[in-house]
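# Commentary on secondary and tertiary structure
What follows is each chain in one-letter form.
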Amino acid sequence: MTAASVKHHPQPSAGVAFASELAFENIEHDYQGQQTLRGVSLIAAPGELLCLLGPSGSGKTTLLRLAAGLEEPRQGRILLNKREISGPDVFVPPEQRGVGLMFQDFALFPHMSVFENVRFGLNALSQAESKKQALVALQRVGLSDLADQFPHALSGGEQQRVALARALSPRPSVLLMDEPFSGLDSRLKDTVRDETLAILRETRATALMVTHDAEEAMRMADRIALLNDGQLVQVGTAEDLYYRPVNLFTAAFFSELNAFECTVLSGRVDTPLGIFDAPSFREGQSVSVAIRLPSVEIEVEGGNIPARIIFRRFLGVVEHIGLAVPGTEQVIQARIRAGQLKSGLRDVTLCVNEHDIMMFESGFK
Ligand code: ADP
Ligand code: MG
């Protein structure tokens, strides 16, 4: 985060922005009386790529629109480098925030060339200067050769890069991206993500990126902010959220799980996959017990839970298995290395390592 120490530069060169800190303080927002954000406080550090992750309708786009100045919060403040840009008595209009916005559908102007699209956001500059900066931005995304083309003649990946160049050309200190890869086909995504990451690192802008895809967030983000129903659930690195989820929602967002609702009795919980100690819970407390699919081990014999295979799905490297076990109607799921079990096998045994058990207070979002 070297950009953090560079406070100001009168004439930044080569299209490098100077990263800002973007802070949300206790944001409340609603649409037509329907609350969409509740007490959201979050800080994106200078130069950081922070992913807003959450299911559809959790408030990700709303938070981005508030940062861009396309909405005003009902309550709370937004600060850019500690300067209030939105608050009870302050509202800096979008064009004065120095914040770049990239929409989900790229929103390119179809009747303008690639070059004109990128130059569009630079109309405050002189002709010569805006031309120069638009060319720098196009060069940065590797599209100089396509400057005179129109958007319809470009592939999805190229359109994405034009949108990125347009958002970056005014050298915003914060770049806001709403699901920037969702319009791309899956084979393109990996390449475009890597290119985008490289460009972001080079420009050093602080970036706030929205996605509903946990794997994409893990792949790209320095830190992830997980939202559910307008509230922040957990903020941290990919490892924090994956290995130390604060509740069942986070755990389930990052991996497929077998989950059981249990009551603590004599300091233990009795699940269809075994009895486990629950030392950090009260007697009689309701607890969600969660076990990731690869943590359910299948053995022909020798495991401690008898089970019957009810379906097998070959997925290439791994195989997804559904199992029936005594004492529950719930289908237990497992994921094993393909080829590990011989075909036609029906009766097996299961075992789960105590270390792979996750337990959470029930009903806590
Ligand atoms: P996300 O981007 O996480 O899918 P949004 O921020 O778009 O979620 O939406 C959060 C909630 O606010 C949803 O319930 C959505 O229906 C509602 N909402 C979003 N935009 C509007 C709007 N312009 N008018 C009314 N309700 C809206
Ligand atoms: Mg959205």
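Residues numbered from 1 in each chain as written. Chains lettered and ligands numbered in written order. Predicted model: local features only at pLDDT ≥ 70, side-chain atom pairs only at ≥ 80, totals over all residues. Heavy atoms only, no water.

### Here we look at helix 4 (residues 156-168)
Condition: Numbered from the N terminus, helices here are DSSP runs of H or I no shorter than four residues, and strands are runs of E no shorter than two. For a helix, the expected span equals 1.5 Å multiplied by the residue count minus one. Only protein chains enter the area calculation, which uses a 1.4 Å probe; residues under 20% of their type maximum are buried, those over 50% are exposed, and those in between are partly exposed. Contacts between residues were defined by any pair of non-hydrogen atoms, one from each residue, lying within 4.5 Å.
Helix length check: helix 4 (13 residues) gives 18 Å between terminal C-alpha atoms against 18 Å at 1.5 Å per residue, within 8%. For helix 4, the tally of buried residues reaches ten of 13 residues, placing the bulk of the element in the interior. Along helix 4, the positions that sit buried rather than exposed are G157, Q160, R161, V162, A163, L164, A165, R166, A167 and L168. The secondary structure elements touched by the buried residues of helix 4 are strand 7 (99-102), helix 2 (114-119), helix 3 (127-140), strand 8 (174-178) and helix 5 (186-203).

### Looking at the domain arrangement of the protein
What counts here: For the domains described, the bounds stem from an automatic or database domain assignment.
Domain boundaries assigned for the protein yield domain 1 (13-243) and domain 2 (255-361). Inter-centroid distance (C-alpha atoms) of domain 1 to domain 2 is 41 Å.

### Remarks on the pattern of salt bridges
For clarity, the threshold we go by: Salt bridge, as used here, is a side-chain nitrogen of Lys or Arg placed within 4 Å of a carboxyl oxygen of Asp or Glu.
Overall, the coordinates contain 24 salt bridges when judged by the stated rule. Between E48 and R223 there is a salt bridge; the shortest N-O distance is 2.6 Å. Here R223 lies in strand 10 (residues 223-228) and E48 lies in the loop between strand 2 (34-44) and strand 3 (49-53), a separation of 175 residues in the sequence. With a relative accessible area of 4%, E48 lands in the buried category. Here R161 and E195 are joined by a salt bridge, their closest N and O atoms 3.7 Å apart. Of this pair, R161 sits in helix 4 while E195 sits in helix 5; the two residues are 34 residues apart in sequence, bridging distant segments of the chain. What makes R161 buried here is its relative accessible area of 17%.

### Here we look at unusual backbone geometry
At R171, a position not held by glycine, the phi torsion is positive, near 55°. Here R171 is to be found in the loop between helix 4 and strand 8. Look at D229: it is not a glycine, yet its phi comes out positive at around 50°. Relative to the elements of secondary structure, D229 occurs in the loop between strand 10 and strand 11 (231-236). Judged by relative accessible area, which is 37%, D229 ranks as partly exposed.

### A word on the packing of helix 4 against helix 5
Defined as follows: A fitted line through C-alpha atoms serves as each axis, taken over the contacting stretch for helices, and the angle formed by two N-to-C directions is quoted from 0 to 180°. For this classification, under 35 degrees means roughly parallel, over 145 means roughly antiparallel, 65 to 115 means roughly perpendicular, and everything else is oblique. Definitions for this section: a left-handed crossing has its near helix turned counterclockwise from the far helix by less than a right angle. A right-handed crossing has that turn clockwise. In this count, Pro and Cys sit with the nonpolar residues alongside Ala, Val, Leu, Ile, Met, Phe, Trp and Tyr, while Asp, Glu, Lys and Arg are called charged and the others, Gly among them, polar.
Running from amino to carboxyl end, helix 4 crosses helix 5 at an angle of 15°, the nearest separation of the two axes being 11 Å. Classed by the angle they form, the pair helix 4 and helix 5 counts as roughly parallel. When the axes of helix 4 and helix 5 are compared, the crossing they make is right-handed. Between helix 4 and helix 5, the residues in contact are G157, Q160, R161, L164 and L168 and L188, V192, E195, T196, I199 and T203, respectively. Here the contact of helix 4 with helix 5 is built from residues that sort into five nonpolar, four polar and two charged.

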